[in-house]
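As a plain string of letters, each chain reads:
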Amino acid sequence: MNDAVNRSSTAVKSVVQVRHASSSAQDALMNSSQSPVGAALSLTNVEYRYAGNRAGDGQPAGLGPLTLSIQPGEFVCVVGPSGSGKSTLLGLLSGFLKPQQGQMTLSGRELSGPVPELTLVQQEHALFPWLTVLGNVGFGLKTRHLSRQEQERRALAALKQVGLEEYAPRRIHQLSGGQRQRVSLARALAVQPSLLLLDEPFSALDVTTRHQLGEELLGIWLTQGSTVLFVTHNLDEALSLGQRVVALRGGQLALDAPAQDLTLQDLKASLESA
Ligand SMILES: Nc1ncnc2c1ncn2[C@@H]1O[C@H](COP(=O)(O)OP(=O)(O)O)[C@@H](O)[C@H]1O
Ligand SMILES: [Mg+2]
């Protein structure tokens, strides 16, 4: 690892330590009317199978049955090899897929389709090339019954959180990959989600930019108080960012533990063992 990466991961760890130690600060945030309150998430025996697609064991591929409970304001990393069900999990939570079995609740209310307090950031930016950076970030606010001024104020505030406010009038093609991913993050933050879902958001980026964005995400999480579910296949990233790591293998829960209790070897072993 080079120096920049080492420094970056040390900084990330120190932010995490602050976060682990700062439950009273978190309580204060939760009570602040400025910040969205992180949502509690609960899945009970949730199952989804893709019709016609058989996994190696002859079972239809998919996820579950999965039971998982996430506390308000937690930062949980989800890891697992390719095909282990990570994106399926986020698809179910964001309402793109409907579970065939089981129940999901968000802050105690049944989750059975898309809801505005939950946003998803994906690896591909899915930004609109015909809109400006500000237009992209404000896009999700259009349906929220807010005045144009308020939409613009929130979009600018979200852009500021990711350090791109001076890029507001630019077009997407004028931005680097890292900047585009910041815009995607700002678009998700603009709607002040109580649950932020991220599906391998930084995996297309170089290692230094990936660490920088991870650090920024932790800083934003500290001030915003949202619950975060961060999917990555990078085990180091999961251990350095998450308070808790959930590992999936073949659509099943392979491990669920506080990050501080885990080593890289533990994680690797949980994913390898049959
Ligand atoms: N649209 C789909 N149609 C059929 N099978 C799918 C589809 N999407 C995913 N799968 C299968 O479901 C399993 C879980 O996929 P996915 O959730 O995308 O895994 P991950 O995100 O962990 O790589 C895999 O076996 C995959 O092949
Ligand atoms: Mg995936």
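Here the structure is a predicted model, which means the values were calculated and not measured.

(A) Fine view of the overall build of the protein chain. If you tally the helices and strands in the protein chain, you get nine helices and ten strands. Among the 274 residues that make up the protein chain, the fraction classed as buried is 40%. Across the protein chain, every contact between residues at least 6 apart in sequence was considered, and the portion connecting residues at least 24 apart equals 71%.

(B) Expanded view of the packing of helix H6 (residues 177–190) against helix H7 (residues 207–224). Packing of H6 against H7 brings their axes to within 11 Å, and their N-to-C directions diverge by 20°. One finds that H6 runs roughly parallel with respect to H7. When you trace H6 past H7, the crossing you get is right-handed. For the pair H6 and H7, the contacting residues are Gly178, Gln181, Arg182 and Leu189 in the first and Thr209, Leu213 and Ile220 in the second. Taken together, the residues of the contact of H6 with H7 sort by class into three nonpolar, three polar and one charged.

(C) Layout of the nonpolar core. Counting 58 residues, the largest nonpolar core has Val78, Val137, Leu159, Ala186 and Leu197 as the members making the most contacts within it. Here the element with the most residues in this core is H6; it accounts for six residues. The contact partners of Val137, leaving out residues within four places of it in the chain, are Ala155, Ala158, Leu159, Val183, Ala186, Arg187 and Ala190.

(D) Quick peek at the pairing of strand S3 (residues 75–79). The element S3 is extensively covered by neighbouring structure, given that five of its five residues are classed as buried. Side-chain alternation along S3 places Phe75, Cys77 and Val79 on one buried face and Val76 and Val78 on a second face that is also buried. With four bridges joining them, S3 and strand S8 (residues 227–231) adopt parallel strand pairing. Bridging from a neighbouring strand, Val76 pairs with Leu229 of S8.

(E) Representation of the site of ligand 1 within the structure. Lining the immediate environment of ligand 1, one finds 13 residues, of which Tyr50, Ala61, Lys86, Ser87 and Thr88 sit closest. Elements with a contribution of two residues or more to the shell around ligand 1: strand S1 (41–54), strand S2 (60–70) and helix H3 (86–93). Sort the elements by how many residues they give to the shell around ligand 1 and H3 lands first, with three residues. Among the residues making up the shell around ligand 1, the classes are represented as three nonpolar, nine polar and one charged.

(F) Structural view of the pairing of strand S7 (residues 195–199). Counting buried residues along S7, five of its five residues qualify, which places the element largely inside the surrounding structure. Neither face of S7 is exposed, since Leu195, Leu197 and Asp199 on one face and Leu196 and Leu198 on the opposite face are all buried. Bridge count between strand S6 (residues 118–121) and S7: four bridges; the pairing is parallel. Bridge pairing in S7 places Thr119 opposite Leu196. Pairing of S7 with S8 involves five bridges; the strand directions are parallel. Looking at the pairing, Leu196 lines up with Val228 of S8. After leaving S7, the chain enters H7 and then returns to the sheet as S8, a path that is right-handed.

(G) Quick look at the packing of helix H5 (residues 148–161) against H6. At a closest axis distance of 8 Å, the pairing of H5 and H6 adopts a crossing angle of 135°. Judged by the inter-axis angle, H5 sits oblique to H6. H5 and H6 meet at a crossing whose hand is right-handed. Across the interface between the two elements, Arg154, Ala155, Ala158, Leu159 and Gln161 of H5 pack against Ala186, Leu189 and Ala190 of H6. A class-by-class count of the residues in the contact of H5 with H6 yields six nonpolar, one polar and one charged.

(H) Region of the structure containing the confidence of the model for the protein chain. Looking at the protein chain as a whole, its pLDDT mean stands at 86, while 84% of the residues score no less than 70. The low-confidence segment residues 1–34, where pLDDT is below 50, has 34 contacts with residues more than four positions distant or belonging to other chains.

(I) Local environment of the sheet that holds S3. Pairing is mixed in the open sheet, where six strands are placed in the order S6-S7-S8-S3-S9-S10. Strand pairing shows two members of the sheet lacking a second neighbour, S6 and strand S10 (252–258), which therefore form its edges. Pairs of neighbouring strands in the sheet enclose a mean axial angle of 15°, with direction left out of account. Of the strands in this sheet, S3, strand S9 (244–249) and S10 touch helix H9 (residues 264–272), which is tilted by about 25° from S9.

What counts as what
- Residues numbered from 1 in each chain as written.
- Chains lettered and ligands numbered in written order.
- Predicted model: local features only at pLDDT ≥ 70, side-chain atom pairs only at ≥ 80, totals over all residues.
- Helix = DSSP H or I, 4+ residues; strand = E, 2+ residues; numbered from the N terminus.
- Buried ≥ 20, exposed ≤ 12 C-beta atoms within 10 Å, placed from the backbone.
- Contact = placed C-beta atoms within 7 Å.
- Axes fitted to C-alpha atoms, helices over the stretch in contact; angles between N-to-C directions.
- Parallel < 35°, antiparallel > 145°, perpendicular 65-115°, else oblique.
- Left-handed = near helix turned anticlockwise from the far one by under 90°.
- Nonpolar A, V, L, I, M, F, W, Y, C, P; charged D, E, K, R; others polar.
- Core = buried A, V, L, I, M, F, W, Y, C linked by C-beta atoms within 7 Å.
- Pairing = 2+ DSSP bridges.
- Near = placed C-beta within 6 Å.
- Right-handed = clockwise from strand over helix to strand, strands pointing away.
- pLDDT = per-residue confidence, 0-100.

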